[in-house]
Amino acid sequence: MLDLRRVLASKPKPPQDVELTELWTPWGEEIVSGEKDLTSAFASHPNPQMERAAWTSLDGTWECAFVSAPDAARAWRTATPPERDWQPIRVPFSPEAPLSGVGRQLRPDELLWYRRAFEPPALGAGERLLVHFEAVDWACSVYVNGVPVCDHTGGYLPFFADVTDALRPGPGANHLALCVFDPSDAGTQLRGKQRLARGGIWYTAQSGIWQEVWCEVVPATHVSALSVDARLCEDGSGALVLLARVVGEGTLIARLSDGGREVARASVRSQGAREVRLGLALPDARPWKPSDPHLYDIELTFGSDRLRSYCGFRRVELRTGEDGAARVSLNRRPIFLRGVLDQGYWPDGLMTAPAEAALAHDILAARGMGFNLLRMHLKVESRRFYALCDRLGILVWQDMVSGGGAYGAWHTSYKPTLFRASWSLTSDRGPGAARRLAADDPAYRREWRESCAETVRLLRGHPSVVGWTLFNEGWGQFDARAACDDVRALDPTRLVSAASGWYDQLCGDVFSVHNYFRPLEVWRDPARERRAFVISEFGGVSWSVPDHVSLATSYGYDAAESGEQFACEARALLDQALSLRESGLAGFVYTQLSDVEEETNGLLTYDRRVNKLAAGE
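For every chain, the first residue of its written sequence is number 1, and the numbers climb from 1 along that sequence. Thresholds applied to this predicted model are a pLDDT of at least 70 for local features of residues and 80 or more for the giving and counting of side-chain atom pairs; totals over whole chains, interfaces and linings are not thresholded and use all residues. Derived side-chain values reflect all non-hydrogen atoms in the structure, with water molecules and hydrogen atoms excluded from consideration.

A. Molecular detail of helix 2 (residues 26–33). Considered for burial, the residues of helix 2 that qualify are Trp 27, Gly 28 and Ile 31. Projected down its long axis, helix 2 carries its buried residues within an arc of 100°, all on one side. Working rule for contacts: check all heavy atoms of both residues, and any pair within 4.5 Å makes them a contact. To qualify as a helix, a DSSP run of H or I must reach at least 4 residues; to qualify as a strand, a run of E must reach at least 2; elements of each kind are numbered from the N terminus. Where helix 2 is buried, its residues touch helix 3 (38–41), strand 3 (87–91) and helix 5 (356–368). A positive backbone phi angle near 85° is found at Gly 34, which sits one or two residues after helix 2. Each residue is assigned to one of three classes by its accessible area relative to the maximum for its type, calculated with a 1.4 Å probe on protein chains only: buried under 20%, partly exposed between the two thresholds, exposed over 50%. Of all possible arcs, the one meant is that of the directions from the helix axis to the C-beta atoms.

Structure below.
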């Protein structure tokens, strides 16, 4: 039966143009007070699966300028930097984030410029300097000393530029600049939960550089990209495949070690190829699992290039349980997924965690509350986050970033809420469906496909990542069956949830439902004999903790009046979900790990200072 009280409480409200109350995490507070600098806040290597010994952070104080540009969608590639109105900004935080020191929203009819002087490391004969950008939202042109070195579109994935030929000799001679365009939800590009008019389940839009900038020197002959694919075979052996994109010709040598002891070695000659493939076998691999997140070290040599990486051997699949229901299996043993939704937002950094320790805090907090899985919701997080999940031992179900046109409330909210039958009867194929689900822009569909493939390639080396969610609640959904086939072809080692929430297309490994408004139960799946039933969102109990919220208003599905009531109701919902295991439930994802702006249904407060689930203890 539909719970009309909860439905009415969750009814979308017009956004209110109200300033957020200043709220700081402990890590953000350390940065603004000067107690900790960015170098110590982000101390480990930005790309943990492709480490070279020497790298230089380019985070810190830059300058930025906002420039009016009615034709910004075209001008970002050819615009010239302004002569005045520059102001300091703390990179890697977006100008909208308090930690940036700017506090200014980029508008769709503006361009955002960045600049800074930098001293490149000394280069030896034939060496190259690469400048890496972990994420820039959304489109940018990069310049060194006024020379264009690369363009990039896509706000959630890393890229780099070889800037060697644009460098100038001498101290103080080199300058790095970016021109950024980001229409936020005025465009159709991938944007996740960002909106210019925040409110309810939609959060403050952010722009520009929002992950780290760094540089490294590489030899003329070097590895430019690395893909790590480690699998636990049915007989318990480990199979490791390395796919390296290389510059120059040479021999790629890989050494696999366990606690400093070499356990496997292999080599292959590039013979002029741009990509080389190398396989290693391990007869008795120690499996990676949350209770024992065992990792192996990888050392790579290509000419004079030296790299460090790592891998974990594990096997994820569906197996039929004794009750005939499909169950998730990890390393040939059933595992019940106890997940929590992770939005990855922070009051002082927005989509940027204020420190690496903040990411570790959230992972450990989730583990401490009894969860074994994080559903990373509609964003690609820092590469350090996935490395921490690998090392700390928690599973990750990764969403693809959503986009498309403006979402119609009827098709993405009201119809599926009121009529559950629509969940399996709504097609996402053809022009009419694309129009109804805000996916009718061909440029958006192209970007989604490309970004989906790049996300899989980026994260498939992380043993913690066990599944992909392609579309959420119909937002920009199109042809989920074809997308599911594409992802399985790229990565057959993980499970796929093609449509999370509703508008299931009878494909993928998971029948993934959102249930906020009905009694928790396992529903009949038209393809149940081959898919696991997962309640991929539920809960949503709200409690605003005084002095730990961003807004006087709050949004949730069921408001608690005290910490004790909140903890009691949240625990009761979690117990109800856990009890459905005997009825065929393969897992659940509770909403959500932390409060975000107007949403106060987190188990942690937005500033991460209060564990609300512990309030009733």
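B. Seen up close, the nonpolar core. Residues belong to a common nonpolar core when they are buried Ala, Val, Leu, Ile, Met, Phe, Trp, Tyr or Cys residues joined through side-chain atoms within 4.5 Å. Core analysis: the biggest nonpolar cluster contains 94 residues, and Trp 448 and Leu 470 have the highest contact counts within it. Ignoring any residue separated from it by four or fewer positions in sequence, one finds Trp 448 in contact with Leu 190, Met 400, Val 401, Leu 470, Phe 471, Phe 478 and Ala 483. Judged by nonpolar contacts, the second largest core, of 29 residues, contains Phe 118, Leu 129, Val 144 and Ala 166.

C. Structural context of the UniProt feature "domain: Glycoside hydrolase family 2 catalytic" (unreviewed entry) in the chain. Residues annotated in UniProt with the feature "domain: Glycoside hydrolase family 2 catalytic" (unreviewed entry) correspond here to residues 329–512. End-to-end, the C-alpha atoms of residues 329–512 are 17 Å apart, and along that stretch the chain is 37% helix and 20% strand. UniProt positions are given in the numbering used here, feature names are shortened, and annotations may be inferred rather than shown by experiment.

D. Representation of the packing of aromatic side chains within the structure. Two rings from Phe, Tyr or Trp (for Trp, the six-membered ring) form a pair when their centres sit within 6.5 Å of each other. Planes less than 30 degrees apart are called stacked, planes more than 60 degrees apart edge-to-face, and all others tilted. Taken as a whole, this structure holds 27 aromatic pairs when the rule is applied. Arranged with centres 5.8 Å apart and planes meeting at 65°, the rings of Phe 336 and Phe 588 form a pair that is edge-to-face. Placement of the pair is Phe 336 in the loop between strand 24 (333–334) and strand 25 (337–342) and Phe 588 in strand 34 (residues 585–591), with a sequence separation of 252 residues. For the pair shown, Phe 336 and Phe 588 are each scored as buried. Aromatic rings pair up to connect Trp 423, Trp 502, Phe 511, Trp 523 and Phe 533 into one cluster. One residue, Arg 195, lies across the ring of Trp 202, its end atom 4.1 Å from the ring centre. Whether a charge lies above a ring is judged from NZ of Lys or CZ of Arg, which has to be within 6 Å of the ring centre and within 35 degrees of the ring normal.

E. Representation of the UniProt feature "domain: Glycosyl hydrolases family 2 sugar binding" (unreviewed entry) in the chain in the model. UniProt marks residues 112–201 with the feature "domain: Glycosyl hydrolases family 2 sugar binding" (unreviewed entry), using the numbering shown here. End C-alpha atoms of residues 112–201 are separated by 27 Å, and the span's content is 0% helix alongside 44% strand.

F. Quick look at the sheet that holds strand 14 (residues 213–218). Any two strands are treated as partners once DSSP identifies two or more bridges connecting them. Taken in spatial order, the four strands make up an open sheet running 1-14-5-9, and their pairing is antiparallel. Two strands bound the open sheet, and with one partner strand each, they are strand 1 (56–57) and strand 9 (159–162). Looking at chain direction, strand 5 (residues 128–133) and strand 14 are connected through six bridges and run antiparallel. Of the residues in strand 14, the one forming a bridge with Arg 128 is Val 218.

G. How the structure looks around the sheet that holds strand 27 (residues 395–399). The sheet built from eight strands is open, its strands ordered 29-28-27-26-25-34-31-30 with parallel pairing. The sheet terminates laterally at strand 29 (495–500) and strand 30 (510–515), the two strands that pair on one side only. Adjacent strand axes in the sheet meet at a mean angle of 25°, parallel and antiparallel pairs treated alike. In this structure, strand 27 lies alongside strand 28 (residues 465–472), joined through four bridges in parallel fashion. Its bridge partner lying in strand 28, Gln 398 is registered against Trp 468. Strands strand 27 and strand 28 of the sheet are contacted by helix 9 (residues 442–459), whose axis makes an angle of about 170° with strand 28. Axis angles are defined between N-to-C directions and span 0 to 180 degrees, where every axis is a line fitted to C-alpha atoms and, for a helix, only to the segment in contact.

H. Main features of helix 10 (residues 480–490). Those residues of helix 10 that sit buried are Ala 480, Ala 483, Cys 484 and Val 487. Buried residues of helix 10, seen end-on, are gathered within an arc of 100° and therefore sit on one face of the element.

I. Structural detail: the side chain of Ser 382. Mapped onto the elements, Ser 382 comes out in the loop between strand 26 (373–376) and helix 6 (383–392). The exposure class assigned to Ser 382 is buried, which follows from its relative accessible area of 9%. Each polar contact in these results corresponds to two N or O atoms within 3.5 Å; when the atoms are within protein, one needs to be able to donate a hydrogen and the other to accept it, and residues that are neighboring in sequence are counted only if both atoms are side-chain atoms. Looking at Ser 382, its side chain comes within polar contact range of the main-chain nitrogen of Arg 384, at 3.1 Å. Those residues in contact with Ser 382, other than ones at most four positions away along the chain, are Gln 211, Glu 212 and Leu 359.

J. Main features of the pairing of strand 16 (residues 238–247). Every second residue of strand 16 is oriented toward a common face, the buried set being Gly 238, Leu 240, Leu 242, Ala 244 and Val 246 and the non-buried set Ala 239, Val 241, Leu 243, Arg 245 and Val 247. In this sheet, strand 16 lies alongside strand 15 (residues 222–232) in antiparallel orientation, the contact comprising 10 bridges. Each residue of the ladder has a partner; that of Ser 227, found in strand 16, is Leu 243. Counted along the chain from strand 15 to the antiparallel partner strand 16, the turn is five residues long, and its residue Gly 236 has a positive phi close to 90°. Sheet topology places strand 16 next to strand 19 (residues 275–282); eight bridges connect them, and they run antiparallel. By the bridge assignment, Leu 243 is partnered in strand 19 with Arg 277.

K. Examining the packing of helix 9 against helix 10 more closely. At their nearest, the axes of helix 9 and helix 10 sit 10 Å apart, and the two run at 30° to each other. The angle between helix 9 and helix 10 falls in the class roughly parallel. Pair helix 9 / helix 10 crosses with right-handed handedness. Across the interface between the two elements, Trp 448, Cys 452, Ala 453, Val 456 and Arg 457 of helix 9 pack against Ala 483, Val 487 and Leu 490 of helix 10. Gly is put with the polar residues, along with every residue not named as nonpolar or charged; the nonpolar set is Ala, Val, Leu, Ile, Met, Phe, Trp, Tyr, Cys and Pro, and the charged set is Asp, Glu, Lys and Arg. Its residues assigned to classes, the contact of helix 9 with helix 10 shows seven nonpolar, no polar and one charged. Roughly parallel here means an angle under 35 degrees, roughly antiparallel means over 145, roughly perpendicular means 65 to 115, and every remaining angle is called oblique. Handedness of each helix crossing follows the sense of rotation of the near helix against the far helix: counterclockwise by less than a right angle gives left-handed, clockwise gives right-handed.

L. Structural context of the pattern of salt bridges. Salt bridge criterion: a side-chain nitrogen from Lys or Arg within 4 Å of a carboxyl oxygen from Asp or Glu. Counted by the stated rule, this structure contains 39 salt bridges. Across the pair Asp 399 and Arg 375 runs a salt bridge whose closest N-O atoms are separated by 3.0 Å. Placement of the pair is Asp 399 in strand 27 and Arg 375 in strand 26, with a sequence separation of 24 residues. Each member of the pair, Asp 399 as well as Arg 375, carries the same accessibility label: buried. Each of Arg 255, Glu 262, Arg 265, Glu 299 and Arg 308 takes part in a single network of salt bridges with overlapping partners.

M. Quick look at the environment of Thr 469. In this structure, Thr 469 sits in strand 28. In this structure the C-alpha to C-alpha distance between Thr 469 and Val 401, which are 68 residues apart in sequence, comes to 9.3 Å. Leave out the neighbours within four places in its chain, and Thr 469 touches Arg 375, Trp 397, Gln 398, Asp 399, Met 400, Ser 497 and Ser 500.

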